[in-house]
Amino acid sequence: MKFLQSYPREVKIFLAASLINSAGGSLMWPLTTMYVFEELGRSMTDAGLVVMIQAFGGIIGQLLGGALYHRVGVKRLIVGSLGLNALGLFTLPFISSHWVIYMIMMGFIGLCNAVSMPAIQAFVGFRFADRRGELFNVIYVANNIGVALGTALSGFLADVSFHLTFVLNGVTSAVFAMFFLNYLNRLDKQEGPVHLEKKTKTEAKESLPALLRNTRVYLYLGLGSLFLWFGNSIWNTGVSPHIISEGMSKSSYGFLWTMNGILIFVAQPVTTLIKRWFAKESSSQMTASGVFYLAAYIVILMLPNYMGFVFAMVLATLGEMLISPAVPAFISDHAFKAAPFYIGLTGGMTALGRMVGPYFMGILYDQGGLNPVAWLSIVIAVVAVAFFIIHSIRNRAAERSLAESISG
């Protein structure tokens, strides 16, 4: 990995720790439905309820993670949330026979895991401000390598013991917490108390209504992301059951996601060219992402066969590669000290789209199969692109106005 040689040692260590944590986190999520249905003997409705509760916890966690960053401090927020997440995972083998307690704990785990996400993204944006755009992308790639490794191992570990996956997930979360505790303590000794925890007098007076009124930074970006991930539910609640109903193997569906993970790593030169030629600004990258997703859904509608799904996955993956690092990069560049709040807020909006998308698309699939689901995804993607265009126009106008006022 020659591209990593230009980064300082602390970045390389952070990337390694992040990869390990994402691998551990991905051990469990593919198995939740299987565990509830097979191990606990509950219905698929119950399994869906657990996934929804965990997703709802994630929404609350994203919002809390952004709102508490400056109030609690980066060290206590990141280390504390990761530690509580590990503790929750360690308790699962002992409380899973108590259904209500198990559901509550899954919501708690979803919350604690999500609290750390905007906090870590904001910390990276502050700590490495001069290279945060490219670093967000490198972290995104490292995390997806971890996800690919974790999901590949999850099936083998489940054959041994479901509870083993919980424990190993908890171990990786605890290790990540210890990494941040050691890392931030070392920064304290080298630079004094981590300056990212402090607020100026002006920022201390910035109230929640004032933050929410700054819609240019978050609203259209967040709504675009919400609709984009709503539409992306087509893979689980459209393509997946269609593949099964057409008599194709389950492994053929798994291959689509294997390809997704491989492309995120090997197709970096493609997205680099897209950014260089067509989408230099992060706002433009979001719009381009929406166009790629839209193209993927059109392919699914027009070519509802396996080769069509493969082509669509290539397009959707390029869209994912463009938007995932662009959102935190834009917010870090434009929101300054309020970045943690806006990263958490937009993350919550994105999580909401992921939570409600499968429900509505499941209803449509039950009524008419893949065709109406594909049409809904296309319409939703058009709405997402429209919001990203509005976001780009508003920010360009604001930047132009600021430049004129400075020159004047």
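Everything numeric in this text was worked out from a predicted model, so none of it was measured. (Residues numbered from 1 in each chain as written. Predicted model: local features only at pLDDT ≥ 70, side-chain atom pairs only at ≥ 80, totals over all residues. Heavy atoms only, no water.)

A few points about the overall build of the protein chain
To be explicit about the condition: Counting from the N terminus, the helices are the DSSP runs of H or I reaching at least four residues and the strands are the DSSP runs of E reaching at least two. Three exposure classes are used, based on accessible area relative to the maximum for each residue type with a 1.4 Å probe and protein chains only: buried under 20%, partly exposed in between, and exposed over 50%. Contact definition: two residues touch when any of their heavy atoms are within 4.5 Å. Throughout, the Shrake-Rupley method with a 1.4 Å probe supplies accessible areas, and for residues the shown protein chains are the sole cover considered.
Helix and strand counts for the protein chain come out as 18 helices and zero strands. Residues classed as buried in the protein chain amount to 52% of the 408 residues present. Counted over contacts in the protein chain with a minimum sequence separation of 6, partners at least 24 positions apart contribute 83%. If you sum the accessible surface of the protein chain, you get close to 18,900 Å²; carbon and sulfur atoms cover 68% of it.

Notes on the packing of aromatic side chains
Geometry of an aromatic ring pair is reported as the spacing of the ring centres plus the angle between the planes. Heads up, the condition is: Ring pairs are drawn from Phe, Tyr and Trp, using the six-membered ring of Trp, whenever the two centres fall within 6.5 Å, and their geometry is named by plane angle: stacked under 30 degrees, edge-to-face over 60, tilted for the rest. Charges are assigned to positions over rings by a cutoff of 6 Å between ring centre and Lys NZ or Arg CZ, combined with an angular limit of 35 degrees from the ring normal.
Inspection of the entire model under this criterion finds 18 aromatic pairs. Geometrically, the ring pair formed by Phe 123 and Tyr 183 is edge-to-face, given 5.9 Å between the ring centres and 90° between the ring planes. Linking Phe 123 in helix α6 (residues 99-127) with Tyr 183 in helix α8 (residues 162-191), this pair joins segments that are 60 residues apart in sequence. Given a relative accessible area of 1%, Phe 123 falls into the buried group. Using a relative accessible area of 3% as the deciding quantity, one classes Tyr 183 as buried. Ring geometry for Tyr 293 versus Tyr 297: centroids 6.2 Å apart, planes at 35°, classification tilted. Here Tyr 293 pairs with Tyr 297, and both are found in helix α15 (residues 282-302), just four residues apart, close to one helical turn. The exposure class assigned to Tyr 293 is buried, which follows from its relative accessible area of 1%. Feature note: the residues Phe 123, Phe 176, Phe 179, Phe 180 and Tyr 183 constitute an aromatic cluster, connected by ring pairs. The ring of Phe 126 has Lys 337 sitting right over it, with the charged end atom 5.2 Å from the ring centre.

Quick notes on the environment of Leu 211
Secondary-structure assignment places Leu 211 in helix α10 (residues 208-213). In this structure Leu 211 comes out as buried when scored by relative accessible area, which is 11%. Residues Leu 211 and Ala 338, spaced 127 residues apart in sequence, show a C-alpha to C-alpha distance of 7.9 Å.

Let's talk about helix α11 (residues 215-231)
In plain terms, the rule: In a helix, the anticipated span is given by 1.5 Å times the number of residues less one.
Counted at 1.5 Å a residue, the expected span for α11 with its 17 residues is 24 Å, and the 23 Å between its end C-alpha atoms agrees. Most of α11 sits out of view: 13 of its 17 residues are buried.

With respect to the packing of α11 against helix α17 (residues 339-368)
Basically, it comes down to this: Geometry is summarised by axes, namely lines fitted to C-alpha atoms with helices restricted to the contacting stretch, and by angles between N-to-C directions that run from 0 to 180 degrees. With respect to orientation, any angle under 35 degrees is reported as roughly parallel, any angle over 145 as roughly antiparallel, any angle of 65 to 115 as roughly perpendicular, and every other angle as oblique. Helix crossings fall into two classes, left-handed where the near helix is turned counterclockwise from the far one by less than a right angle and right-handed where it is turned clockwise. Nonpolar residues are Ala, Val, Leu, Ile, Met, Phe, Trp, Tyr, Cys and Pro. Charged residues are Asp, Glu, Lys and Arg, and all others, Gly as well, are polar.
Closest axis-to-axis distance for the α11/α17 pair is 7 Å, and the angle between their directions is 25°. Overall, the two elements α11 and α17 adopt an arrangement that is roughly parallel. Handedness of the α11/α17 crossing: right-handed. For the pair α11 and α17, contact is made by Val 217, Tyr 218, Leu 219, Leu 221, Gly 222, Leu 223, Ser 225, Leu 226, Trp 229, Phe 230 and Gly 231 and by Tyr 342, Leu 345, Thr 346, Met 349, Thr 350, Leu 352, Gly 353, Arg 354, Val 356, Gly 357, Phe 360 and Met 361, respectively. Looking at side-chain class alone, the contact of α11 with α17 contains 15 nonpolar, seven polar and one charged residues.

As for the nonpolar core
Our working definition: Nonpolar cores are built from buried Ala, Val, Leu, Ile, Met, Phe, Trp, Tyr and Cys residues. Side-chain atoms within 4.5 Å join them into one set.
Phe 180, Trp 235, Leu 256 and Ile 300 are the most contacted members of the largest nonpolar core, which has 88 residues in total. If you tally residues by element for this core, the top one is helix α16 (residues 306-335), at 15 residues. Leaving out residues up to four positions away in the same chain, Leu 256 has contacts with Trp 235, Val 239, Ile 243, Tyr 306, Phe 309, Val 310 and Met 313. The next biggest cluster of nonpolar side chains, apart from the first, holds 15 residues, and it includes Tyr 35, Leu 92, Ile 109 and Phe 162.

What to know about the environment of Leu 318
As for its placement among the helices and strands, Leu 318 is situated in helix α16. Classification of Leu 318 by relative accessible area gives buried; the value is 11%. Residues Leu 318 and Tyr 293, 25 residues apart in the sequence, show an inter-C-alpha distance of 8.3 Å. When residues no more than four places from it in sequence are discounted, the contact partners of Leu 318 are Ala 267, Val 270, Thr 271 and Phe 292.

Focus on the side chain of Gln 285
Rules: We call two N or O atoms a polar contact when they sit within 3.5 Å, provided that within protein one can donate a hydrogen and the other can accept it, with sequence-adjacent residues counted only if both atoms are side-chain atoms.
Within the fold, Gln 285 resides in helix α15. Taking relative accessible area as the criterion, Gln 285 reaches 9% and is therefore assigned buried. Of note is the side chain of Gln 285, whose polar atom sits 3.3 Å from the backbone oxygen of Lys 280. Setting aside anything within four residues of it in sequence, one finds Gln 285 in contact with Lys 275, Ala 279, Lys 280, Leu 322 and Ala 326.

Quick look at the packing of helix α5 (residues 74-95) against α6
Between two packed helices, both the angle of their axes relative to each other and the distance between the axes serve to describe the pair. Direction vectors running N to C along α5 and α6 enclose 155°, while the axes themselves pass 8 Å from each other. Accordingly, the angle class assigned to the pair α5 and α6 is roughly antiparallel. Note that α5 runs across α6; the crossing there is left-handed. Per-class residue counts for the contact of α5 with α6 are 19 nonpolar, six polar and no charged.

Things to note about the confidence of the model for the protein chain
The following threshold applies: pLDDT expresses how confident the predictor is about each individual residue, on a scale running from 0 to 100.
Across the protein chain, the average pLDDT comes to 83, with 88% of residues at or above 70. When the elements of the protein chain are averaged for pLDDT, helix α9 (residues 201-204) gives the smallest value, 44, and α15 the largest, 95. Considering only residues more than four positions removed or in separate chains, one finds that residues 197-204, a stretch of pLDDT under 50, has nine contacts.

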